[in-house]
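# Observations on the three-dimensional arrangement
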Amino acid sequence: MSALSAIRSVIDYESEVSKISQFLDKFETAAGKKQLAAEAMDTGDGDEEEADGNDDMDADMGELAPGEAQRRYAVLLQRVADRTSDTVAVRLDDVRAFEMQASGGHVPFTFAASLAYRIEHNTKCYVELFSRAIDALLPEPQQSAMHDASADVLDVLFQARRDRDRRDASAAAAAAEAEAAAAAAGGNTNGAAAKSFQAESFPAELTRRYTVHFVPRAAARVQAVREVGARQIGQLVTVRGIVTRVSDVRPAMVVAAYLCDACGSEVFQQVKARQFTPLAQCASAQCAANGRRGKLHRQTRGSRFVRFQEVRLQEMADQVPMGDIPRTLTVHCYEAAVRRLGPGDVAHVAGVFLPQPYTGLRALRAGLLADTLVEAHHVQPLKRRYEQLARTASAAEYMALAALQRGGDAYARVARAIAPEIFGHDDVKKALLLLMVGAATRRTRDGMAIRGDINVCLMGDPGVAKSQLLRFVAKAAPRGVYTTGRGSSGVGLTAAVLRDAATGEMVLEGGALVLADNGICAIDEFDKMDDADRTAIHEVMEQQTISIAKAGITTTLNARCSVLAAANPARSRYNPRLTPEENINLPAALLSRFDVLFLMLDRPSRDADLQLARHVAHVHAHGAHPPPEGGLDIDVGLLRHFVAAARARNPVLPRAVAEYVVGAYVQLRQAQHSHNAGVAAGASAAAHSRSAIAATTPRTLLAILRLAHAHARVRAAAAVAVEDVDEALRLMDAAHVTLAAHRPSADADRAARADPVSAVFAIMTRQLAATSVSASAVPQLAYADVLARVRAAGFSEADLARCLDQYENFNVLQVNLTRTRITFVNAGRE
């Protein structure tokens, strides 16, 4: 087999290093004060935890002084030399702008003409070229590492070695001068000083105290995980996805240091893969001159380690074709890129797409195949937390928020901005707004936490846009996860125990509720979940934690999220002949954990149907919802900033309002007691409906307080008022008042259900009368048709069986042995 021909590269890499040096030394920013980096993203896990803002690789570039143009990268290199920054973030837009300035015109974005193009398509190689250029340009530090208490161990060692080399060089130079003077005087010299002094050299990877990262161009295309292919190996790619798993930050060795026990020489080995073979024997010149090969001992103190973290990125649901499963991509983060992402974050990750050969037994099975990964260079979270949104609002957004508050009735106007393409459901949208705003989490002196997140359940007939409301809220929230009950298991909602591919240890991978921490978890088709899976979220909805005791792992995970669930009644549509308990068909332990339970019924009304049809027709005709009545169109961005501003407020609860809440709660309890006793003589239909749907428990009192607190936040009030409590009570009763208006009267309902046997027989006689049968034929009905009509009327199959047995004894009808036909014997056709 003939060998492949060798091809000489067309790129002169020494010339490339020279161009890079010119760029780093001469590139200047525009005049005036300019923020050189994006604001550091907050990656904290909670309000009580500190945000690790120092890990933002762009924030190291800081701000330049106002009034003059400055050399951005020269300032950055000085910070690297002073050990105040450990990242050199090179923007490809800056490289492109420097090329345009140097040429005085347009430079084609091609391989031959553009340095930015070559960097983008051969990123791994240009990381080394930039490092070589930085090594040559790096200035002297303003403070010696020997006098810096916070200096790294290797910095101290390198500084001590450099000081020693300077002293040895000075001594060798002095000895050489003395020997030259002695030789000129005719004295004898032994030639010892003539030996050239050689300073000890260290590997460049060991002495570099920085990491080079490339920031992609603003015009770079953002791809899905499945779109990244083999043609992009070695290139800088930008991938969008959601983070599903994040490993711990561990040290990764990049340079291994050894010490010879024979000659005392230091030997360094560069580590470029996940696995390497340690050196065993010394190969120094001194051991070779002595004719022996000393044994090497690894020195951890002299080795170099970098921070390493592995992130699993999964493509978004809107990027997955129909019928496919989401694909995942492994992301390796080093140094400043670690701790930038958490489970549930949606982000753009830019990095080098690289192959990773399999190791061990997997390499034997894989053959020539290799796994792929992305070596992260730039991480940009897309959805920031509410605290960050409140800090980063622009002047125009502040003016829009102020105008919204001054205009009055901001509560109703912002609520209508939730899913504006959906007509009606004003009270439901107000409840969803309060869910997004929430209340502050309270902590008692003994450390017990009282949740402030609001849980809402939407139950109603098909076609009332429950799923669309859920999707909008999950999309509008900075951290929202959407899932369905049928496609989710208890493990998928809480946490799963998996084996880590890197270490082989058992690790936890968070489910939907963990990914939605500090956000909203929307669960559609809630009634389709199995009972065992549904009970897994009981702890989350109240304690907001997930307790795990699996595979030797005993821990508690945070799941501080609001649960927004949508469900259908027990028989798909709400049956007014059945009681609310029979229609809802959810356990009381679960219903009590929802602060608000809405029953969204689809009832025909000419005026409402006409308005709904016109609204839908307008959306389909114009591709947008009709203009709002107030004149200000609130988009999703302004809605997020409004919610962020509301969540920043913390209104107090005055004593008088607290007494009012106590009185309202006691009245609800009395109405519940009267309903249970069956003596609610003066109670309203709404109170009856509410008592039948959800029992009034102490959790109801907490729900009133949370809703009132959220409403006070929306009003931008400093204290909770009585009107906030009234609005909370009104929302909790709004759906049940609508239900009571459509329910039949209590007397009619009792009369219809007093004798199920007679009612079922009346159904069969009406069905028989509607059947076209000749006079000579025997009247018959299909058992399956009768059973369907009986169930639709709100009765069970047991009621039908009792009716058939009783009237069969009266010799009125007969049922065949297979129970498929019902024959009327002596019954007249009524």
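First, a word on scope: everything that follows refers to the structure included in this document. Quantities reported herein were computed from a predicted structural model and do not represent experimental measurements.

## Regarding helix H11 (residues 395-406)
For H11, which comprises 12 residues, the first-to-last C-alpha distance of 16 Å matches the rise-based estimate of 16 Å (1.5 Å per residue) to within 8%. Along H11, the residues classified as buried are Ala 400, Leu 401 and Leu 404. Each buried residue of H11 sits inside an arc of 100° when the element is viewed along its axis, so together they form one side. Facing away from the buried side of H11, by more than 90 degrees, are the exposed residues Ala 395, Met 399 and Arg 406. Where H11 is buried, its residues contact helix H12 (410-416) and helix H22 (636-647). At the exit of H11 stands Gly 408, carrying a positive phi of roughly 85°.

## A look at the sheet that holds strand S22 (residues 780-782)
The sheet built from three strands is open, its strands ordered S22-S24-S23 with antiparallel pairing. The open sheet has two free edges, formed respectively by S22 and strand S23 (813-815), since each of these has just one partner strand. The sheet shows a mean angle of 20° between the axes of neighbouring strands, direction not considered. Across three bridges, the pairing between S23 and strand S24 (residues 821-824) is antiparallel.

## A closer look at the sheet that holds strand S14 (residues 480-484)
Strand order in the open sheet formed by five strands is S14-S17-S20-S13-S21, with parallel pairing between adjacent strands. Each edge of the sheet is formed by a strand with only one pairing partner; in this case those strands are S14 and strand S21 (596-600). When strand polarity is set aside, the average angle formed by the axes of neighbouring strands in this sheet is 15°. Examined bridge by bridge, S14 and strand S17 (residues 520-524) share five bridges and lie parallel to one another.

## Looking at the pattern of salt bridges
In total, this model carries 27 salt bridges according to the counting rule given. Among the salt bridges present, the one from Asp 135 reaches Arg 208, with a minimum N-O distance of 2.8 Å. Of this pair, Asp 135 sits in helix H5 (residues 123-137) while Arg 208 sits in the loop between helix H7 (204-207) and strand S2 (211-215); the two residues are 73 residues apart in sequence, bridging distant segments of the chain. Residue classification places Asp 135 among the partly exposed residues on the basis of a relative accessible area of 34%. Under the relative-accessibility criterion, Arg 208 is labelled buried at 8%. Close ionic contact of Arg 307 with Glu 335 constitutes a salt bridge, the shortest N to O distance being 3.8 Å.

## Re the side chain of His 538
Examined against the element boundaries, His 538 turns out to sit in helix H18 (residues 538-542). His 538 has contacts with Ala 589, Leu 590 and Arg 593, leaving out every residue within four places of it along the chain.

Reading the values: rules and limits
- Residues numbered from 1 in each chain as written.
- Predicted model: local features only at pLDDT ≥ 70, side-chain atom pairs only at ≥ 80, totals over all residues.
- Heavy atoms only, no water.
- Helix = DSSP H or I, 4+ residues; strand = E, 2+ residues; numbered from the N terminus.
- Expected span 1.5 Å × (residues − 1).
- Buried < 20%, exposed > 50% of the residue type's maximum accessible area, 1.4 Å probe, protein only.
- Arc of directions from axis to C-beta.
- Contact = heavy atoms within 4.5 Å.
- Pairing = 2+ DSSP bridges.
- Axes fitted to C-alpha atoms, helices over the stretch in contact; angles between N-to-C directions.
- Salt bridge = Lys/Arg side-chain N within 4 Å of Asp/Glu carboxyl O.

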